Amino acid sequence: MIKDNLEKVRQTIPNGTRLIAVSKTKPVEDLQEAYDAGQRLFGENKALEMRDKHDALPHDIEWHFIGHLQKNKIKYIIPFVSLIHSIDSVELLEAVDKEAAKHDRSVDCLLQFHIAQEETKFGMDMAEAENAIVEMRDKGLTHVRIVGVMGMASNTDNRKQVRTEFAMLKGYFDTLKERYFADEAAFCELSMGMSGDYDIAIEEGSTLVRVGSAIFGARNYANVND
Ligand SMILES: *Cc1c(COP(=O)(O)O)cnc(C)c1O
């Protein structure tokens with residue numbers, strides 16, 4: 001079933017957009033099934049869960065961290081994480097830099113924007129993002145690199161609203177690119193779109209879609225402890 005779902009989703013993803021299989025709460029066997037169907041890019045939102053899955057699965061998987069990252073848990077993912085999507089403060093960026101330095105590596109990060117109408121979702125606004133970039137440069141952080149932005153649209157059936165929010169995020173991306181990263185080819189990632197709205201996100205320019213339930217089925221949060 002996972003293999004079939006994956007193939008169906010893949011058929012709708014154009015060149016220029018990468019598919020992250022969001023496997024949070026799912027058992028290692030499910031990830032292995034997706035791996036066997038060729039999937040190499042996975043997203044998780046809990047540090048310990050991602051660490052354990054990394055340890056249990058083949059090491060050519062690219063792991064993306066997409067959830068709220070607590071500072072005391074950064075250390076569990078730094079040795080192997082490919083991209084952290086959820087930077088929402090300079091303090092977090094500094095903490096990631098510090099851990100990454102211990103492992104003598106540089107970690108790619110996205111700035112998470114708040115684009116949804118809901119109050120509860122994490123993320124920055126434009127002023128906060130610009131501050132973070134300026135402060136990061138002032139501090140000379142060398143073990144983190146900002147390669148783009150991420151956002152989650154409102155959880156709504158109103159597809160017009162969702163499209164407006166994705167277009168807004170694309171606008172933030174373009175502005176940051178022009179003001180701060182014009183000479184940095186690495187700043188190229190726009191992470192937006194989930195199972196219910198990734199088609200719209202792709203139309204609005206997404207380079208990374210984060211798709212969970214459309215691949216692995218509905219999640220059962222009763223299985224999770226973190
Ligand atoms: C869970 C999650 C997803 C995937 O959600 P689905 O609706 O299952 O595709 C994408 N992005 C983030 C940040 C998530 O936490």
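This structure is a prediction, so every number in the text was calculated from the model and none was measured.

Engineer: What exactly am I supposed to notice about the overall build of the protein here?
Structural biologist: Counting its regular elements, the protein contains 9 helices and 8 strands. At 17 Å, the protein has a C-alpha radius of gyration in line with the 17 Å of a compact globule built from 226 residues. The dimensions of the protein, computed from C-alpha atoms along their principal axes, are 50 × 45 × 30 Å. Sorting the 226 residues of the protein into buried and exposed places 50% on the buried side. In the protein, 60% of the contacts between residues at least 6 apart in sequence involve partners at least 24 apart. Carbon and sulfur atoms make up 46% of the accessible area of the protein, which amounts to about 10700 Å² in all. Positive and negative charge centroids in the protein, built from 28 and 38 side chains respectively, lie 2 Å apart.

Engineer: Teacher, can you tell me more about the environment of D104 here?
Structural biologist: Here D104 is to be found in the loop between α5 (90-102) and β5 (107-114). Of the residues examined, D104 reaches a relative accessible area of 66% and is grouped as exposed. It is 32 Å that separates the C-alpha atoms of D104 and M152, two residues lying 48 residues apart in sequence.

Engineer: I would appreciate a short explanation of the state of the cysteines in the present structure.
Structural biologist: Joining two cysteines, a disulfide is a covalent bond between their sulfur atoms. One pass over the structure, following the stated rule, counts 0 disulfides. Here C109 is not cross-linked by a disulfide; its sulfur's nearest cysteine counterpart is in C188, at 14 Å.

Engineer: Please explain the site of the ligand as it appears in this structure.
Structural biologist: Taken together, V22, K24, I66, M150, M152, M194, S195, R210, V211, G212, S213 and R219 make up the full set of residues adjacent to the ligand. Contact distances for the ligand include 2.8 Å between an oxygen atom and a backbone N or O atom of G212. At 2.8 Å, a backbone N or O of S213 approaches an oxygen atom of the ligand. Burial of the ligand by the protein chains amounts to 91% of its free accessible area of 390 Å². Breaking the shell around the ligand down by element, the ones donating at least two residues are β6 (144-152) and β8 (208-211).

Engineer: It is not clear to me how the side chain of E189 should be interpreted in this structure. Could you clarify?
Structural biologist: Here E189 is to be found in strand β7 (residues 189-191). Accessibility expressed as a relative area gives 13% for E189, which makes it buried. There is a polar contact of 2.6 Å between the side chain of E189 and the side chain of T207. Leaving out residues up to four positions away in the same chain, E189 has contacts with R18, L110, V147, G148, V149, F173, T207 and L208.

Engineer: Would you take a moment to explain the nonpolar core for this structure?
Structural biologist: Within soluble globular proteins, side chains that are nonpolar generally end up buried alongside one another. In terms of nonpolar packing, the biggest core is built from 65 residues, with I77, I84, V96, L111, F113, L176 and I215 touching the most fellow members. Beyond its immediate sequence surroundings of up to four residues, L176 is in contact with L111, F113, M126, E130, I133, V149, F181 and F187.

Engineer: I tried to follow the pairing of β5 on my own but got confused; where do I start?
Structural biologist: When a strand is regular, its side chains alternate between the sheet's two faces. A large share of β5 lies buried, amounting to 7 of its 8 residues. Here strand β4 (residues 83-87) runs beside β5; their pairing, made up of 3 bridges, is parallel. Paired with I84 across the strands is C109, a residue of β5. Pairing geometry for β5 and β6, over 8 bridges, is parallel. If you follow C109 over to β6, its bridge partner there is I146.

Engineer: What's the story with the packing of aromatic side chains in this structure? I'm lost.
Structural biologist: Note on aromatic pairs: each is described by the distance of the centres and the angle between the planes. Inspection of the entire model under this criterion finds 4 aromatic pairs. For the ring pair F42 and W63, a centre distance of 5.9 Å and an interplane angle of 35 degrees mean the geometry is tilted. Separated by 21 residues along the polypeptide, F42 in strand β2 (residues 41-44) and W63 in strand β3 (residues 62-65) bring together distant segments of the chain. A relative accessible area of 0% means that W63 is categorised as buried. Aromatic pair F113 and Y172: ring centres 4.7 Å apart, planes at 20 degrees, arrangement stacked. With F113 in strand β5 and Y172 in helix α7 (residues 159-180), the pair connects residues that are 59 residues apart, well separated along the chain. For F113, a relative accessible area of 1% puts it in the buried group. Three or more aromatic residues joined by ring pairs form one cluster here, namely F173, F181 and F187. Over the aromatic face of Y35 sits the side chain of R40, whose NZ or CZ is 3.5 Å from the ring centroid. Above the ring of F181, the side-chain terminus of R137 is found at 5.0 Å from the ring centroid.

Reading guide: rules and limits
- Residues numbered from 1 in each chain as written.
- Predicted model: local features only at pLDDT ≥ 70, side-chain atom pairs only at ≥ 80, totals over all residues.
- Heavy atoms only, no water.
- Helix = DSSP H or I, 4+ residues; strand = E, 2+ residues; numbered from the N terminus.
- Rg over C-alpha atoms; globule rule 2.2 N^0.38 Å.
- Buried < 20%, exposed > 50% of the residue type's maximum accessible area, 1.4 Å probe, protein only.
- Contact = heavy atoms within 4.5 Å.
- Areas by Shrake-Rupley, 256 points an atom, 1.4 Å probe, with all protein chains shown as cover.
- Lys, Arg positive; Asp, Glu negative; His and termini not counted.
- Charge placed at Lys NZ, Arg CZ, Asp CG, Glu CD.
- Disulfide = S-S within 2.5 Å.
- Near = heavy atom within 4 Å.
- Polar contact = N/O pair within 3.5 Å; in protein donor to acceptor, adjacent residues only side chain to side chain.
- Core = buried A, V, L, I, M, F, W, Y, C linked by side-chain atoms within 4.5 Å.
- Pairing = 2+ DSSP bridges.
- Phe/Tyr/Trp six-rings, centres within 6.5 Å; stacked < 30°, edge-to-face > 60°.
- Lys NZ or Arg CZ within 6 Å of the ring centre and 35° of its normal.

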